[in-house]
Amino acid sequence: MQEEEQPAALDVRILGPVKIYRDGRRLPLKPNGMPTRMLAALLHDAPEQVPVEDLDRRVWGHTADAHLRQKYATSIRAALAPGGHLLQEENHSYRLGIRREAIDAFRFRAEVDRAEAMAGRDPGGAATLLREAIGRWSGQPLAGLGDGWIETWRGELQRGRLRAVMRLNRIELARGVSEDLVAGLAGLHADHPDREDAAELYLMGLYALGEPGQAQEVFQKWTEHLRRHLDVPPTPGMVELNRLILARELDVSARLSAGSRPAPKPPAPKPPAVQPSEAAPAQPSEQPTPHISAVRTIPHELPPPLTIFVGRQAETTTFGAVAASPATLGCRLFVIDGQPGVGKTALATHWAHLVAEKYPDGQLFLDLQGFDPSETPLSREAALGRLLAGLGVDPREISPDLPGRVNQWRTAASGQRLLIVLDNAADAEQTGTLIPASSRSLVIVTSRRRLPGLGVRHGATFIPLAMPGTAEAAEILVRHLSGRASDTEAVQRLVRLCGRWPLALALVGAYAATRARRPLHEIADELAKDLGALDTGDSTPTINAVLEWSYRQLPAQAQRVFRMLSLHPGPELESRGVSALVGIDTRLADRTLDQLGDVRLVEEAQGNRFALHNLVSGYAATILDQNRGDTAAEQRREAVRRMLDYYLHSADHCASHLRAHRQALQLEPPAEGVRPAVVADEPAAIAWFTAERDVLLRLIRRAAGLGHPADAWKILATMADFLDWQGHWEDWRLAAESAAATARSAGDVHGTARAERSLGRALTQLGRLEAAEQHLRAALHGYRTDDDLDGQMRVHSDLGDLSLNRGQVQDALKESRTAYRLATAVGSEPDRATALDGMAWCHAELREYGAAADRSREALALHRSLGYTRGQAAALDTLGVTLCRLGECGEGRECLGSSLVLCRQSGDLSGQAEVLEHLGDCHHGSGDRTAARAAWREAHAILVRLRHPHIDQISRKLDDQPQATA
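Notes on the structure follow. (Residues numbered from 1 in each chain as written. Predicted model: local features only at pLDDT ≥ 70, side-chain atom pairs only at ≥ 80, totals over all residues. Heavy atoms only, no water.)

**Remarks on the overall build of the chain**
So, step 1. Helix and strand content of the chain: 41 helices and 14 strands.
So, step 2. Relative to its 966 residues, the chain shows a buried fraction of 53%.
So, step 3. Considering only contacts within the chain whose residues lie at least 6 apart along the sequence, 68% involve residues at least 24 apart.
So, step 4. Summed over its atoms, the accessible surface of the chain is roughly 41,300 Å², and 49% of this surface lies on carbon and sulfur atoms. (Helix = DSSP H or I, 4+ residues; strand = E, 2+ residues; numbered from the N terminus. Buried < 20%, exposed > 50% of the residue type's maximum accessible area, 1.4 Å probe, protein only. Contact = heavy atoms within 4.5 Å. Areas by Shrake-Rupley, 256 points an atom, 1.4 Å probe, with all protein chains shown as cover.)

What follows is the structure in structure tokens.
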């Protein structure tokens, strides 16, 4: 067996961003890269073997390409060098030979266990040991490594920390009460309102401090919280605790010494019966039932912590002092301004991670695109829409106009402890409306401009960011050199040549770090030669000059790829898209992106994707435009065509997995050499759309400028179902508006009709029914002009849905009948079945149950003959509801149960919630209130996950039917 690394040699830290130190020196490992995610998956079992199948599941969630797995293993070995031998592949498994004592999470667990063992005989020593163990944490464990299996392990680690915090506070309270201790217990209770042990400690602390009245008030509020959100009463132990407080008979010491464990927890509500793939990880017995009634998901949108951050001590000290002081004029607001590339976003991100834990109601990050070379600044309406969506506001309820959104934002943010980073602001007008009034929030704004208006109106603290000093700049460079800092004269010379520009220092440092055999002074000579007169000390190099130097170091193929990247819309790209754009195979694209990443011209993001700094993208566009010959222009046109074909055909393929029988999209074959993405099933299609959503939305906006206006409505057509079913209705609306305007400008009647229909559907989902009807009618007019019966059929179906939303059932029935007639005329069996189901639902709403049952059975038979799972689920749902209303509850429940199974098989969460609600209605109608609540609860849990607007209706049903008591 291979030799394992001695714990003294390595210090592995995962209780925060993943970092590894060898003899006090940090190893070059990106905390948010895919190799680091793979490393974390191996660390979990170190030093034992991890089978390849388990490793793939942990890192990718599916079987991975062996080449990709080996590539990341090579990156890990390089990062561990000279300990690269520690990672071995053997017996179809990987083994990381690092002892557990070297990993901070396992040291933390061991220290907590020792503290627990000594608590009875030496409580002071146990408290000290627990404080040291908790002090190992530096933020969210495994920060920046995504979700899935990582999130499961992260949850286990966080629960371990919480148990340690609870134990420490219990020991400290037994040793003696103080105002500081009780203040800490108040915060603990506020952060974990569902936990009985936190409430118990806070109540005992208040009583011990001589505040029994306040303790009673806290108990009453907590009891109300349990009733409203968990639908359970306090346990007998907590009721007894409150009685003792009321009678002034509580012996805090005796209760604490009765045992190390807290009092029993509230009885758990029945959990939703979700699929195994959706179920939450198993919880330790100490963990309370998750709070499934909270409608809002707490946003955590900050970018991953920075791999390298140096200096800015004066600015950080100012930030810390002001952030800790009481706010007097609304929220605490900081404005960082400075030149491009000076490190504004890096500083804002660093600050945000320093204080993130103090803002438990959410952390929001928004790129305002103020100086993006390829995008217009984000409008105030769009910015407010994204912030409101981040806080979980139902997209249907977001106001369509600016004044309405401003008021909604003020209301949503009121009283919240929010941390908000507004990056790349254009001006004070764009930013001012986004500042919440709550004194409990903190906002950090970055901009290339000074924004004095924010000081006058919002009392902002301004942090002008200059170039770092010489010593600080040298430290930045040294960190990027990965230890090659012995030649201090060369370091200082490189600092002067880079003009102390942080982005330039990162570029030069990355270049030098990948050429370890070349002396540093030679690299300085090379840079000085290329920059020419800039090495005189009389002028400061422009960032483009340093970018040009980095560009010249690349081989010719990588230079060509870099130039062509300026044609990509961003914000992220991956090797297959680059392969199509440049016209090279995927493996070469992958290697070239790695080369560009080595010199920091692209930055690796999550999921083997890459991003360009806007300055770098602008420079790539500049050098591409410098070659304006006919041949170069033709090459650019071909590259754009290949790129658009890749995304359009990939999206079309993925859309076919979401809806097999959809409106036809006639596409020309892709350009020669383009290999669109191929996925196996619906979950993989959704994953592809999720990763490429922003790219596709940008392509819709830019299609006309790229010379292919028809691609705007075609791309929109491929992703409409994804945007609809995933609840991205505002994005859908904006994309449809852009595509419709592009098609109208091009005189494309068919394309205009397609985009107008899509816009009408999006507006229907957003509840803007009058505007939706206008656009649907415009689409219908276009289809009639184009003599397109298929399109007319679909619009009539959409108008039926709109009428049902208005409660106009007779109108909806009329539209469904028209859709059925047209579906028969064009010979579309899937759409005829859909129209039949629409008619059936209308009949059921009109209490014409015989007709409803007949139509839904007819629809079901058609869908079954076609093998359309979603259609079968919808027809079974309609039939089940109809039968329940007819009093045939047994058969109705069977239909609803079959519908639920089909929804689960297809991964249709929204459909599951709808069927579960109907199943609950059926149980309630037959007098089984317990079964009704169970079904409604499961539906509610799914709607919480989706942030669905139907949550309130389900919540009212649950509130109107209190849980039965024994």
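Now that the structure has been shown, we can carry on.
**Focus: unusual backbone geometry**
So, step 1. Here the bond from A46 into P47 is cis, since omega is 5°, no more than 30 degrees from zero.
So, step 2. In this model, G570 is joined to P571 through a cis peptide bond whose omega is 0°.
So, step 3. For R248, which is not glycine, the phi dihedral falls at a positive 55°.
So, step 4. Within the secondary structure, R248 sits in the loop between α10 (236-246) and α11 (252-257).
So, step 5. Of the residues examined, R248 reaches a relative accessible area of 47% and is grouped as partly exposed.
So, step 6. For N424, which is not glycine, the phi dihedral falls at a positive 60°.
So, step 7. Here N424 is to be found in strand β9 (residues 418-425).
So, step 8. N424 sits in the buried class, given a relative accessible area of 11%.

**A short note on the pairing of strand β1 (residues 10-13)**
So, step 1. Only one face of β1 is buried, namely the one carrying L10 and V12, since none of D11 and R13 on the opposite face is buried.
So, step 2. For β1 and strand β2 (residues 19-22), the ladder comprises four bridges, and the chain directions are antiparallel. Note on β2: the bridge partner recorded for D11 is Y21.
So, step 3. Following β1, the chain reverses through five residues before pairing antiparallel with β2; G16 in that reversal takes a positive phi of roughly 150°. (Pairing = 2+ DSSP bridges.)

**Overview of the sheet that holds strand β10 (residues 442-447)**
So, step 1. If you walk across this open sheet you meet the five strands as β8-β9-β10-β7-β11, and the pairing is parallel. The open sheet terminates on both sides in strands that have one partner only, identified here as β8 (362-367) and β11 (461-465). Here the average twist between neighbouring strands, direction ignored, is 15°.
So, step 2. The pairing of β9 with β10 spans five bridges and is parallel. Paired with L422 across the two strands is V445, which belongs to β10.
So, step 3. Against the sheet, helix α14 (residues 380-390) touches β8 and β9, its axis set at about 155° to β8. (Axes fitted to C-alpha atoms, helices over the stretch in contact; angles between N-to-C directions.)

Keep in mind these numbers describe shape, not what the thing actually does.
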